[in-house]
Amino acid sequence: MTSYGMNARDHLLLTAQKVFNDFGYRRASMGDVSKAAGVSRQGLYHHFRNKPELFTAVIEKAHTNTVDKSAQARDAARARGDDFESIVAAMIDERFGQMLRDLQKTPHRGEIFEETMRRCPHVVLEQTRRFHNLMTELIHAEVAAGRMKLLPEISADELAIAFATMARGLSLLQPDDLAHLRERYLLHIRLLTRGARA
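Structural notes, computed from the coordinates. All of these numbers come straight from a predicted model, not from anything done at the bench.

### Some words on the layout of surface pockets
By volume, the largest pocket is sized at about 1000 Å³. If you go around the largest pocket, you meet 35 residues; those closest to its centre are His63, Met99, Leu100, Leu103 and Phe113. Contributing elements (two or more residues each) for the lining of the largest pocket: helix 1 (8–27), helix 4 (51–80), helix 5 (84–104), helix 6 (109–119), helix 7 (121–144) and helix 8 (156–173).

Here it is, written out as structure tokens:
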């Protein structure tokens, strides 16, 4: 364990994420990461064979965290008694909104996005499927509880895809007001769900 209360690998991943954000993928080096983490290069190479492997691990942790936090947001919203649309907004904000807020902090966001899609699309796809499954389960639970009725031609799967597509669309627009992104998600979720209900 490090002095920060996390294991060495997590400390290296957190440090590497900051280095990639500060320098971009192309300019960042393993030496930059080891120096920032306060470990020897040998210590860094003990965990990660090279920069592409380290980058993939950083992206995997970031995407996994957003999906994990979306499940936590779902549980917290349910515990508060939030309505379905607010629960979906909380989940989407943790999955898409947080990633967008994190990317906005770096001047290298375009490069990081490009390298992510080039080097580790499998990671993005795996976590996209995880999130989709969480969303589909939520919709099925709402339907089973009688709180929602979908039109016959609209499945839980299709509605979950629509939610994710909407969130990606808002992300591509890169709104200036990221502090109120959840409210924008909620507005668009209401547009989708009220048109989808029988």
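### Digging into helix 4
With 30 residues, helix 4 ought to run about 44 Å at 1.5 Å a step, and its terminal C-alpha atoms sit 43 Å apart, in line with that. Where helix 4 begins, the side chain of Asn50 points an oxygen toward the backbone nitrogen of Glu53, at a separation of 2.9 Å. At the exit of helix 4 stands Gly81, carrying a positive phi of roughly 85°.

### Description of the packing of helix 4 against helix 6
As a packed pair, helix 4 and helix 6 sit with axes 11 Å apart at the nearest point and diverge in direction by 100°. Comparing their axes, helix 6 and helix 4 come out roughly perpendicular. Between helix 4 and helix 6, the contacting residues are Pro52, Phe55, Thr56 and Ile59 on the first element and Ile112, Glu115, Thr116 and Arg119 on the second.

### Let's talk about the side chain of Ser34
Mapped onto the elements of the fold, Ser34 is located in helix 2 (residues 30–37). In this structure Ser34 comes out as buried when scored by relative accessible area, which is 4%. With residues near it in sequence (within four places) discarded, Ser34 still touches Val39, Ser40, Arg41 and Leu44.

### Quick notes on the side chain of Lys51
Position of Lys51 relative to the elements: it lies in helix 4. Nearest to the buried, unbridged Lys51 among oppositely charged side chains is Glu111, at 7.0 Å. A distance of 3.4 Å separates a polar atom in the side chain of Lys51 from the backbone oxygen of Arg26.

### What about the environment of Leu181?
Counting through the fold element by element, Leu181 comes out in helix 9 (residues 181–196). Residue Leu181 is classed as buried on the basis of its relative accessible area, which comes to 0%. Between the C-alpha atom of Leu181 and that of Asn65, which follows or precedes it by 116 residues, the distance is 19 Å.

### Points about the packing of aromatic side chains
What the rule picks out here adds up to 5 aromatic pairs. Ring centres 5.8 Å apart and planes at 25° place the aromatic pair Phe20 and Tyr25 in the stacked group. For Phe20, a relative accessible area of 3% gives the class buried. Relative to Phe163, the ring of Phe84 has its centre 6.2 Å away and its plane inclined at 50°; by these criteria the two rings are tilted. Residue Phe84 is found in helix 5, and its partner Phe163 is found in helix 8; the two are separated by 79 residues along the sequence. As far as burial versus exposure is concerned, Phe84 and Phe163 are alike and both buried.

### Describing the pattern of salt bridges
Throughout the structure, instances matching the rule amount to 17 salt bridges. For Arg26, the salt bridge identified is with Glu111, shortest N-O distance 3.5 Å. Of this pair, Arg26 sits in helix 1 while Glu111 sits in helix 6, placing them 85 residues apart in sequence. Between Asp68 and Arg130 there is a salt bridge, and its shortest N-O distance comes to 2.6 Å. Taken as a pair, Asp68 in helix 4 and Arg130 in helix 7 lie far apart in primary sequence, 62 residues in all. Overall, Asp68 belongs to the partly exposed group, its relative accessible area being 31%. Through salt bridges with shared partners, a single network forms among Arg26, Glu111, Glu114, Glu115, Arg118 and Arg119.

Parameters and conventions
Each residue is numbered by its place in its chain's sequence as written, counting from 1. The predicted nature of this model means local features are confined to residues of pLDDT at least 70 and side-chain atom pairs, given and counted, to a pLDDT of 80 or more, with totals for whole chains, interfaces and linings taken over all residues. Hydrogens and water molecules were not included; the side-chain quantities draw on all heavy atoms of the structure. The definitions used throughout rest on a 1 Å grid laid over the protein atoms alone, on which a cavity is an enclosed set of points accommodating a 1.4 Å probe that cannot get out and a pocket is an open set flanked by protein within 12 Å on both sides along at least five of seven lines; lining residues are those having an atom within 4 Å of a point. Grid points are joined across faces, edges and corners, and a volume is the space filled by probe spheres set on the points. Strands here mean DSSP runs of E at least two residues long; helices mean DSSP runs of H or I at least four residues long; both are numbered from the N terminus. To estimate the expected span of a helix, count its residues, drop one, and scale the result by 1.5 Å. Here a polar contact is taken to be a pair of N or O atoms separated by no more than 3.5 Å, where protein atoms must pair a possible hydrogen donor with a possible acceptor and residues adjacent in sequence count only if both atoms sit in side chains. Fitted lines through C-alpha atoms serve as axes, helices being fitted only where they are in contact, and the angles separating the N-to-C directions of these axes extend from 0 to 180 degrees. Working rule for angles: under 35 degrees goes down as roughly parallel, over 145 as roughly antiparallel, 65 to 115 as roughly perpendicular, anything else as oblique. Contact definition: two residues touch when any of their heavy atoms are within 4.5 Å. Exposure categories follow from relative accessible area, calculated using a 1.4 Å probe and restricted to protein chains: below 20% of the type maximum is buried, above 50% is exposed, and the middle band is partly exposed. For this count, His and the chain ends are skipped, Lys and Arg are scored as positive, and Asp and Glu as negative. Salt bridges, as used here, are contacts in which a Lys or Arg side-chain nitrogen is within 4 Å of a carboxyl oxygen on Asp or Glu. Only Phe, Tyr and Trp rings take part, Trp by its six-membered ring, and two of them pair if their centres are within 6.5 Å. Stacked means planes under 30 degrees apart, edge-to-face means over 60, and tilted covers everything else.

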